[in-house]
Amino acid sequence: MVRLFLAGLAILCACLTANAQEADLQPILQEHQEIIAKSSRKTIKPAIDAIASSGLPQAQVMLETWAAKNMWMRKSDGLFFSGQKGEGRSYELTDFDTGEVVGTFEKTELKQLKPNSGIRAMIGTALVQFQLTDPDRARRQAALQSIQRDPEGELLDPLRASIDDEPDADLKAQKQRLERLLTIGYDTDTGARVAAIEEMSDDLGVDVRAALNPLVVTNRQAAATLPSDMNIAAVLQPDSDDLSRDAAYDLLVASDLVAPRVSADDIRAALAANIDRGRVEGVPVAQLSSAAARAQAYEALAEAGAVPALITEADIDAALAAHVFFDTYAEPSPDVTAAAAHALEQIELKVGLNQTLDLTLDAISLASIYFLAAIGLAITFGVMGVINMAHGEFIMMGAYTGYVVQQFIPNHTLSVIVAIPMAFAVTFAMGVAMERLVIRWLYARPLETLLATFGISIALQQLAKNIFGTQARPLTAPGWLDGAWVLNDVVSISYIRIAIFVLAMIFLGLFLYIMKRTRLGLEMRAVTQNPRMAGSMGINPGRVNMLTFGLGSGIAGIAGVAIGLFAKVTSDLGSDYIVQSFMTVVVGGVGNIWGALAGAGMIGFLQKGIEWMNPSNTLAAQTYIIIFIIIFIQFRPRGIIALKGRAAGD
Amino acid sequence: MSTLLEVSGVSVTFDGFRAINNLSFQIGEAELRVVIGPNGAGKTTFMDIITGKTRPDEGRVIWGEKSLSLLGLSEAKIAQAGIGRKFQKPTVFEDQTVHENLLMALQNKRGWLRVLFYRTSTDDLQKVEDLAVEIGLHHDLSRKAGELSHGQKQWLEIGMLLAQEPRLLLVDEPAAGMTPQEREHTTDLLLQAARTRAVVVVEHDMEFVRRLNCKVTVLHEGSVLAEGSLDHVTSNQDVIDVYLGR
Amino acid sequence: MDRSFVAKNPSVLVFLAILSLFTLGVTILSEGFGIGVISTSFVKTLGKTLCLCLIAVAMDLVWGFTGILSLGHFAFFGLGGYMIGMWLMYERTRLIVVDSLGQAEIPPTSAEVVDAIGIQIFGVVGSSEFPLIWAFSHSLTLQLILIVLVPGLLALIFGWLAFRSRVTGVYLSILTQAMTLALALYLFQNDSGLRGNNGLSGLQNLPGVTTSQDVVSIWFLWASALALGLGYMLVVWLVSGKFGSVIRGIRDNEARVRFLGYSVEVYKLAVFTLTACIAAIAGALYYPQAGIINPEEMAPIASIYLAVWVAIGGRGRLYGAVIGAAFVSLLSTWFTGGQAPDIPLGFYTIKWVDWWQVLLGVTFVLVTLFAPQGIGGLFDLWTDRRHPDRHGANLGPDDGALREKEAIE
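Looking up chain B in an unreviewed UniProt entry gives the name Urea transport system ATP-binding protein, with the organism given as Ruegeria conchae.

Per an unreviewed UniProt entry, chain A goes by the name Amino acid/amide ABC transporter membrane protein 1 (HAAT family) and belongs to Ruegeria conchae. Its UniProt record, at the heading Sequence similarities (unreviewed entry), says of chain A: "Belongs to the binding-protein-dependent transport system permease family. LivHM subfamily." What UniProt states about chain A under its Subcellular location (unreviewed entry) heading is, verbatim, "Cell membrane".

This is the structure:
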């Protein structure tokens, strides 16, 4: 089998060589020797066309050599060769046709051809047709990409020619798609273009929109009468919503159809230029501090013929009435523009639907982050009723734990796997210590708990700053979390966000399991509902409170690792999330994990929704969300999912 | 005797639990009434409804000659209309003196500007003195309420209620945790008060109820089980079954 | 019982005497009017501290006496600063603009002057139009009214929303914090109309006043001391009468006050709004001394620090709030300003710039745990003020909600 293949290859080579001997490139080059040597972008085109259309296989090598500035002309006879730097200032020349070394020459005997970037681009275009049929798949792929980057009408024919012989199915599909796009933009036959447009009108690709958009670009113009030789998109009425009075007149001025208005600055300059012994046309300068006085003086000047007359409103009306205003398409064919506009409309609709889907995914991922940040709080604040302002700092400590672990374990996957339990352990211990040392003395004093934990929060933040510095530390996600899951050109979601969503769901399950199925959960619920009764039933409330608080803190630590993977790890990391976390719990409904989930969902969707309406301003989005929450609490003071009745503790 | 307060057909549900079930209740002016019932019978919720703390799901609460509906009024408005309430545990303002406590409760305008520019009149001072004598705290006027004994706090709270000059007094377990002498004084206070106004007392202690010697309403599972004199209700078989028999 | 105001509150006389002595002392030692021992920048620091004491008094009224732990009063403080800053900046820019336009051959029209001021003020945020909120900035009188009107109105609306839905305790604290955050984030935007994160600057220059800052700083010190004195007396008067009795009742047991027939929400709203106005006045005096105001000043953390000062000074007593604010803020300036000496431990040198916050945080936890009365508690040891012999633990003034719950069970 291998032998057979080699034999085939040998025959192919032989054929190619044989072909090469039939016709030579050098004569073609000589025919255009003058313009090649001159190397001017304006005149070079015939030479490149001739070389490219020669159909000679060595033309590709020759063009590449030229573009790489390795082509030399021998001054003695004007022949072109490929040059290779030899010893000293000498160059070894090779013939393009035979591929044989012609000899070594001193630099002084040669002239190097240095095509400028414009010419190199033209050579590149010419090369594309060779590359499109190149046996190497990677080069064909590269050629397609270069066409996509820089589409031109001349490439249409070589592209079409290369489709049938394309052996690779994937590349063939790409070529066909590209052919359609080029047809839309550059085919000479209007019918073919319209057909291509209609064919592509259900495609969401950015490239399709990029091909269609230039077709519907309009240019606003004004003229005395409506021209008949232009593809007119719309005729506009001046002084309407589409075209304001001022804009219409400015358009006339820009088209040199009327005289420009005299601006306030012009009046001022004209008056200043015509001051005569402290007066302008009899008006004292000191009185010129109002617009009316200035206009009066200017009119006097205009009557005297010293300055151009003011354009009055009546002048403007007359000018507007005497002209027509219209938008024209740059594309001359009305069929094409109509088809393109229609296709774009259809595409926009689909894009809109897909954007909604994308936004929904974004919102879900944001909600997962809030949920993750708030779930620990749902335990300490929601279940225990302890307000912990240092919760954000536990998140920060989790993230820093991840960073420290990565300093010891370079493997990112392994380090994250180690970091999660480590972060839990560190923040669990910290939470237990805090509960034992501070919070348990303050159970009856909720506001003081708030203040004491705030003291801990600022101390921890400054400690982190002292230890790790103020600059952000990297917590690198494993390689397999890089990249995104791409549905189409509109909808995509990064893997890391999917991972956070999954993590949030795992925590939800874990939380439900602990609360509903374990002894600790049972004791937790008992202690929070009635500590004295629980105590008399043999439960140690102190121990349960300690463990509960530790659990909430530990989960905050794990959330910190997750958040650190996509956010910058700084000492302020926690404070960025603390208010949102509390809002999540409060809005959702205290004492209920589903409440936290609902709260996170609502805030996440709301934030994305507001950002979508005003994408340039994320600060405003946060402001509006907080205002919304304050108003929301008016109507549902106990949150979305409220506990009712006496159990809620009025 | 005209009816001062009429509660009719009131029901309240907490998370599916029916705390009050189609309850009807009436009390006239200058009447003393004791409400008894086992734990969870709805005694406290009943008071919550009258004072506006809990809104019933259905039913009517009608007040006074003008037949004013109390549903929908705020707690403060209901209190201003003339209903005073004493909680189970003594709730006085411990950080303030007995004098301040009584002065705050004294029947006066409640608007914040009126209060801000309020100057103590000799008339008001006299009222406070009289009340202090009545509740036996005239020697303790300048002491902080937090320093008082449990029984004294209860009296102070009753005194504050009286200062409000309400037409209806709701008193929740006034005798709990008191010494026998203190109980006697409390009984006197309540009987004294009931001469001029309606008083509803919620109580567990049968001895105390007997001493008050008045009409008794028995609540059970959120509705009235029996009503009448203490002897009458204690001989009622239903009452014996659900409450006394246990 | 009905004694005169001063007789009932002897501490007011002591406070006013100390304040006057302090002001007089600083004046004598200052560069502007005296022998120049105290630098002008330190005079400004002292003047600013007096403003902080004033807002601390307001905070004590709303938290220590009424039991509302507001984490939003620095927002009102900042708003007050913005309101006076708008006039200062407008008027000063106007004088400069009129001066430079007066050099031109043709006298400027009023529209040209306004446009030029707009370019000067808003060029930094890429705009030249005057936003609507600057509509009154040309008038000192109107803008002075706005100092109390704007924060007062904001407090009124927010308070009405919050109190009518019976949000109390930590929920209310979080809500006020959210309000502050929302306001700060809003002001951070360039199109908020208040120059985004650039804020307003050059506020130390009074328009039309050519006297040196040495003298101006003393003027502001006097104004701040006067405001503090008046504010202190006002608040003492508020809390000493029946009104004080009612708000302390609200702090200790809201439901009980309600059943006494007082409309708790209205009282809370009145106190919240009044203290917001006091805070705004303090801010309007503070920022001309600081020279610059930006949204950073209104971040939620500032309001929490305010609570820290009052807690360390001692809640529920007004002089405690003043002492706490003065003590902690001056100490903070000393430590973070790098004046405090480093402590070399051999293996590590404690730099106070880095460690002050840690110290403050830990101190705060310790004060909360072991000395809930704060520094003011020391005065009790001195004056031997008797505490009520309560049954059970001393629950602190903000525990009304808990006892309310117990009472209802």
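All names here are of chain B. You can see Ile78 is positioned in helix 2 (residues 75–81). Residue classification places Ile78 among the buried residues on the basis of a relative accessible area of 1%. Residues contacting Ile78, with those up to four places away along its chain left out, are Ile50, Thr51, Gly52, Leu70, Leu73 and Ile83.

All names here are of chain B. One open sheet accounts for 4 strands, arranged 2-1-4-5; its pairing is antiparallel. Edge positions in the sheet fall to strand 2 (17–28) and strand 5 (68–69), since each of these pairs with one other strand and no more. Alignment of strand 1 (residues 3–14) against strand 4 (residues 58–63), held across 5 bridges, turns out to be antiparallel. Bridging across to strand 4, Glu6 finds its partner in Ile62.

On to the interface of chain C and chain A. Taken residue by residue, the interface counts 56 residues in chain C and 49 residues in chain A. Taken together, both faces of the contact between chain C and chain A bury some 4,800 Å²; the carbon and sulfur share is 73%. Taken together, the connections running from chain C to chain A amount to 3 salt bridges. Here Glu448 of chain A and Arg315 of chain C are joined by a salt bridge, their closest N and O atoms 2.7 Å apart. The interface formed by chain C and chain A contains 6 residue pairs in polar contact (both at pLDDT 80 or more). Of all the elements in the fold, those that place two or more residues in the side of chain C that touches chain A are helix 5 (110–122), helix 6 (140–164), helix 7 (169–188), helix 12 (300–313) and helix 14 (352–370) of chain C. In terms of residue class, the side of chain C that touches chain A is made up of 37 nonpolar, 11 polar and 8 charged.

All names here are of chain B. Remark: helix 3 (residues 98–105) packs on helix 6 (residues 150–163), axes separated minimally by 7 Å, with the N-to-C direction vectors making an angle of 30°. With respect to helix 6, the element helix 3 is oriented roughly parallel. Of the two elements, helix 3 crosses helix 6, and the hand of that crossing is right-handed. Taking contact as the criterion, the partners of Val98, Asn101, Leu102 and Ala105 in helix 3 are, on helix 6, Leu156, Gly159, Met160 and Ala163.

Quick look at the environment of Ser245 of chain C now. Its location among the elements puts Ser245 of chain C in helix 9 (residues 242–252). On the basis of relative accessible area, Ser245 of chain C is assigned to the buried category, the value being 4%. It is 9.9 Å that separates the C-alpha atoms of Ser245 of chain C and Thr66 of chain C, two residues lying 179 residues apart in sequence. In this structure Ser245 of chain C touches Gln96, Glu100 and Met104 of chain B together with Val239 of chain C, once residues within four positions along its chain are discounted.

Let us look at the confidence of the model for chain A. Caution is warranted with low-pLDDT regions, since their predicted coordinates should not be read in detail. Residue and element names in this part refer to chain A. Per-residue pLDDT for chain A averages 82, and the proportion of residues at 70 or more is 95%. Low confidence marks residues 12–21, where pLDDT is under 50. Its contacts with residues over four positions away, or in another chain, come to 1 contact. Here residues 644–650 is modelled with pLDDT under 50, and outside its nearest four sequence neighbours on either side it reaches 9 contacts, counting other chains as well.

This paragraph deals with the interface of chain C and chain B. It is common to give the size of an interface as the accessible area lost on bringing the parts into contact. Across the boundary between the two partners, chain C contributes 35 residues, which contact 42 residues of chain B. Buried area between chain C and chain B, both sides added, is near 3,700 Å², and the carbon and sulfur share of it is 60%. Of all residues in chain C, Lys242, Arg256 and Phe259 of chain C bury the most surface against chain B, accounting for 22% of the area lost on that side. Here chain C is connected to chain B by 4 salt bridges. The partner of Arg248 of chain C in a salt bridge is Glu100 of chain B, and the shortest N-O contact between them spans 3.4 Å. Inspection of the region where chain C meets chain B yields 13 residue pairs in polar contact (both at pLDDT 80 or more). Listed by contribution, the elements that provide at least two residues to the side of chain C that touches chain B are helix 8 (213–240), helix 9, helix 10 (254–259), helix 11 (264–290) and helix 16 (400–408) of chain C. Here the side of chain C that touches chain B is composed, by residue class, of 15 nonpolar, 6 polar and 14 charged.

Calculation rules
Residues numbered from 1 in each chain as written. Chains lettered and ligands numbered in written order. Predicted model: local features only at pLDDT ≥ 70, side-chain atom pairs only at ≥ 80, totals over all residues. Heavy atoms only, no water. UniProt positions renumbered as here; feature names shortened; annotations may be inferred. Helix = DSSP H or I, 4+ residues; strand = E, 2+ residues; numbered from the N terminus. Buried < 20%, exposed > 50% of the residue type's maximum accessible area, 1.4 Å probe, protein only. Contact = heavy atoms within 4.5 Å. Pairing = 2+ DSSP bridges. Buried area = accessible area lost by both parts, 1.4 Å probe. Salt bridge = Lys/Arg side-chain N within 4 Å of Asp/Glu carboxyl O. Polar contact = N/O pair within 3.5 Å; in protein donor to acceptor, adjacent residues only side chain to side chain. Nonpolar A, V, L, I, M, F, W, Y, C, P; charged D, E, K, R; others polar. Axes fitted to C-alpha atoms, helices over the stretch in contact; angles between N-to-C directions. Parallel < 35°, antiparallel > 145°, perpendicular 65-115°, else oblique. Left-handed = near helix turned anticlockwise from the far one by under 90°. pLDDT = per-residue confidence, 0-100.

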